Each structure stands twice: as C-alpha cells, then as structure tokens.
Amino acid sequence: MPERTSYDAVIVGGGHNGLVAAAYLARAGRSVLVLERLDHTGGAAVSTRAFTGIDARLSRYSYLVSLLPPAIVRDLGLRFAVRKRTVSSYTPAVRGGRPTGLLVGGGEARTRESFAELTGSEREFAAWQRFYGTTRRLAERVFPTLTEPLPTRAALRAAVDDDTTWHALFERPLGELVEETFTDDLVRGVVLTDALIGTFAAAHDPSLRQNRCFLYHVIGGGTGDWDVPLGGMGALTDALAEAARGAGAEIVTDCAV
Ligand SMILES: Cc1cc2nc3c(=O)[nH]c(=O)nc-3n(C[C@H](O)[C@H](O)[C@H](O)COP(=O)(O)OP(=O)(O)OC[C@H]3O[C@@H](n4cnc5c(N)ncnc54)[C@H](O)[C@@H]3O)c2cc1C
C-alpha cells in the first residue's frame, strides 16, 4: 500500500521509462509514487536465471542497449555496464542447393569473406560499408537531439547537413534506397530487418513507418551500436529502481491501475 494519500506525480507502470521518470521527478523534489501491476519492476527489460544451478542472469525479452543516453546513466549514478558484441547477426541461406549464410561480425575480414562467399563478388560488402558509413555520420548528428527539445524538421535537416541522405532516409520509402544500394536479396533482407521489425510496414510503405523504425535502430549512442548489458536488462532496471528509491520515490508492486 502507498504510504500517503496524495503525491505530486503518480506513475503507472514500472518499466524503464516509468522508473527514469520517477527518478528524475524525485530528484527534482517531487513526491512520486510508481504503481506496477506485476510483482517486480522492469517491464520488458528484465533478467532471469534461465539455467538451473547456473548463477547467470540473462535478459528475458529486451536484450540489447543502444538508445539509453549516457547522460541518464551519469545523472542518476547508475552502476551499469555493457559489453560490445563480436557478432551482430548470422543469416542462414541456401544457394544453388547448398547451405550457406551471411555472417555480420567476427571482424571486418570475416564479414568481407562471408559477403564474398555468399554473393560471389566484393560489390555487396563495399556497398554495405558505404551504407553504414552514412548511417554512422547520421547517428553522430541525430542522437544528441533525443535528449533535447524536439527539433523542427528544418533544424534537423540542417543538423544532418547532407541533402542526399536526408531525402533517402527521411523523405522516401527506405525500400528505394535499399534496392538502389544492394543487389543481393538476402543482403537487402538483413538491412531491412532494422526497418520492418515490429512495424507491420512494407519496405515501400508510403507512411515511412519503416524509415522511422530503421532510424532508431541505427542512431543509438551516436554510433548505432547495440551492446550487451552485463547481468541482462534487469541489471539496468534494478539500478533504475534503486536510483528512484534513493531519490525518495515510492514503488508499489502487485498494484494494477
Ligand atoms: C521481445 C522484445 C524484445 C525487445 N528487444 C529490445 C532490445 O533488445 N533493446 C531495446 O532497446 N528495446 C527492445 N524492446 C523494446 C523495449 O522492451 C521497450 O521499448 C521498453 O520495454 C518500453 O519500456 P516502457 O517502460 O515504456 O514499457 P514496458 O517495459 O512495457 O513497461 C510497462 C510496465 O507497466 C506495467 N503496467 C502496464 N499497465 C499497467 C497498469 N494498468 N497498472 C500498473 N502497471 C501497469 C507493466 O506491467 C510493465 O511493467 C523489445 C521488446 C520486446 C517485447
């Protein structure tokens, strides 16, 4: 049960967003109550001990960190660490009746080799490097704006400072750029994973939902890297809950609103 009958802010749901809001509001001197339906906080960012007898905490749903602004980690004094992945993806395929696949990771030489083996030339890997060189430059310019007041379209375009990239990623369906850049259908599919996942959009959808989904997959941390949290995502949300409580927020679980 909550300790009081009145609060400056009542937050429904103790996922990472609710916990971050609670921590900042409490640090600003507000009285804050978080109400969480489940018996634990964290929402979709939680860990579990998946293997009996092995004391390893693994992420249960959400599992990679990219969009968490370092300023939040610093402001809230979160004790939380990530590690780089060595492999981003492996996509199995069959070519000419033979099992093969596309490895992205394991170092540039191995990735290059995998592209060449799958596609039969150096072309797709060169295109891949140019493409992700462009998104990396974009990431440096766009990621800092996520913790600033929402820029106008014109201000963001000026910050991107590259009309070709702006048109290709912000004005036209992403499928057009992907088709212009890559010829191999499997490579196109791997690139489009970041654009289509969870959207139910198509690569050429005029709504550009796929472009937005793609952008938030490639700008995180100003690099587009997705890192592995030590102790799983639960380590992050436990640290957030601790920061919120430490600042004076009350968190009540088993309490559906
Ligand atoms: C399978 C999966 C994999 C994902 N992988 C990644 C990833 O690798 N990296 C990444 O950055 N993102 C990933 N995401 C997305 C990410 O998990 C979400 O963006 C994030 O969890 C949203 O946080 P939130 O705090 O807004 O909401 P949630 O995490 O959904 O938390 C909401 C909380 O509110 C509680 N709640 C809801 N209704 C009520 C109510 N009426 N009363 C009380 N409590 C209530 C819920 O129980 C829950 O604890 C993934 C999502 C899924 C499902």
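It should be emphasised that the depicted structure is a prediction, and the values quoted were computed from it without experimental measurement.

**As for the pattern of salt bridges**
Counted by the stated rule, this structure contains 14 salt bridges. Note that Lys-84 is salt-bridged to Asp-225, the shortest N-O span being 3.3 Å. One end of the pair, Lys-84, is in the loop between strand S5 (82–83) and strand S6 (87–95); the other, Asp-225, is in the loop between helix H9 (209–218) and strand S8 (228–229), and 141 residues separate them in sequence. Lys-84 gets classed as exposed once you look at its relative accessible area, which sits at 56%. Arg-153 serves as the salt-bridge partner of Glu-171, at 3.4 Å between the closest nitrogen and oxygen. With a gap of 18 residues between them, Glu-171 in helix H6 (residues 163–171) and Arg-153 in helix H5 (residues 153–160) connect regions that are remote in the sequence. A relative accessible area of 51% places Arg-153 in the exposed class. Members of the salt-bridge network, linked through shared partners, are Lys-84, Arg-136, Asp-225 and Asp-227.

**Looking at the site of the ligand**
Near the ligand lie 20 residues; those nearest to it are Asn-17, Glu-36, Ala-44, Leu-64 and Val-257. When the ligand sits alone it has 1,000 Å² of accessible area, and the protein chains cover 60% of it. Classifying every residue of the shell around the ligand gives 11 nonpolar, seven polar and two charged.

**As for the nonpolar core**
Soluble globular proteins tend to bury their nonpolar side chains together. Judged by nonpolar contacts, the single largest core of 33 residues is most densely connected at Leu-102, Trp-128, Phe-170, Leu-174, Phe-182 and Phe-214. When contributions to this core are tallied by element, the ones reaching two or more residues are strand S7 (98–105), helix H3 (108–119), helix H4 (123–142), H5, H6, helix H7 (174–181), helix H8 (185–196) and H9. Counting residues per element, this core draws most heavily on H4, which supplies seven residues. When near neighbours in sequence (up to four residues on either side) are disregarded, Phe-182 contacts Arg-123, Glu-124, Ala-127, Trp-128, Phe-131, Val-187, Arg-188 and Val-191. Of all hydrophobic cores here, the second largest spans 24 residues; its members include Ala-45, Val-65, Leu-240 and Ala-243.

**Remarks on the environment of Gln-210**
Structurally, Gln-210 is set in helix H9. Sequence-distant contacts of Gln-210, defined by excluding residues within four places in its chain, comprise Pro-173, Leu-174, Ala-195, Leu-196, Ala-201, Ala-202, Ala-203, His-204 and Asp-205.

**Looking at unusual backbone geometry**
If you check the backbone angles, Asp-161 has positive phi at about 55° while not being a glycine. Examined against the element boundaries, Asp-161 turns out to sit in the loop between H5 and H6. Residues other than glycine seldom take positive phi values, yet Phe-200 does so here, at roughly 60°. In this fold, Phe-200 is placed in the loop between H8 and H9.

**Focus: H9**
Among the 10 residues in H9, seven count as buried, and that is most of the element. Those residues of H9 lying buried are Gln-210, Asn-211, Cys-213, Phe-214, Leu-215, His-217 and Val-218. Where the residues of H9 are buried, they touch H4, H6, H7 and H8.

**Here we look at the domain arrangement of the chain**
What the domain assignment lists for the chain is domain 1 (9–79 + 233–252) and domain 2 (86–222). Of the roughly 410 Å² buried between domain 1 and domain 2, counting both surfaces, carbon and sulfur atoms make up 76%. It is Ser-66, Leu-67 and Pro-69 in domain 1 that bury the most area against domain 2; as a group they hold 86% of the surface buried on that side. At the boundary of domain 1 with domain 2, the tally comes to zero salt bridges.

**Examining helix H1 (residues 16–27)**
A rise of 1.5 Å per residue sets the reference length of H1, with its 12 residues, at 16 Å; its end C-alpha atoms lie 16 Å apart and thus fit the reference within 8%. Every buried residue belonging to H1 is among Gly-18, Leu-19, Val-20, Ala-22, Ala-23 and Ala-26, and all of these are buried. Structurally, H1 contributes buried residues whose contacts are with strand S1 (9–12), strand S2 (32–35), helix H2 (70–75), helix H10 (233–246) and strand S9 (250–252).

**Comments concerning the environment of Ala-168**
Structurally, the position occupied by Ala-168 is in helix H6. Owing to a relative accessible area of 5%, Ala-168 belongs among the buried residues under this scheme. Considered as a pair, Ala-168 and Val-178 are 10 residues apart in the sequence and their alpha carbons are 9.4 Å apart.

The rules we used
Residues numbered from 1 in each chain as written. Predicted model: local features only at pLDDT ≥ 70, side-chain atom pairs only at ≥ 80, totals over all residues. Heavy atoms only, no water. Salt bridge = Lys/Arg side-chain N within 4 Å of Asp/Glu carboxyl O. Helix = DSSP H or I, 4+ residues; strand = E, 2+ residues; numbered from the N terminus. Buried < 20%, exposed > 50% of the residue type's maximum accessible area, 1.4 Å probe, protein only. Near = heavy atom within 4 Å. Areas by Shrake-Rupley, 256 points an atom, 1.4 Å probe, with all protein chains shown as cover. Nonpolar A, V, L, I, M, F, W, Y, C, P; charged D, E, K, R; others polar. Core = buried A, V, L, I, M, F, W, Y, C linked by side-chain atoms within 4.5 Å. Contact = heavy atoms within 4.5 Å. Domains from an automatic or database assignment. Buried area = accessible area lost by both parts, 1.4 Å probe. Expected span 1.5 Å × (residues − 1).

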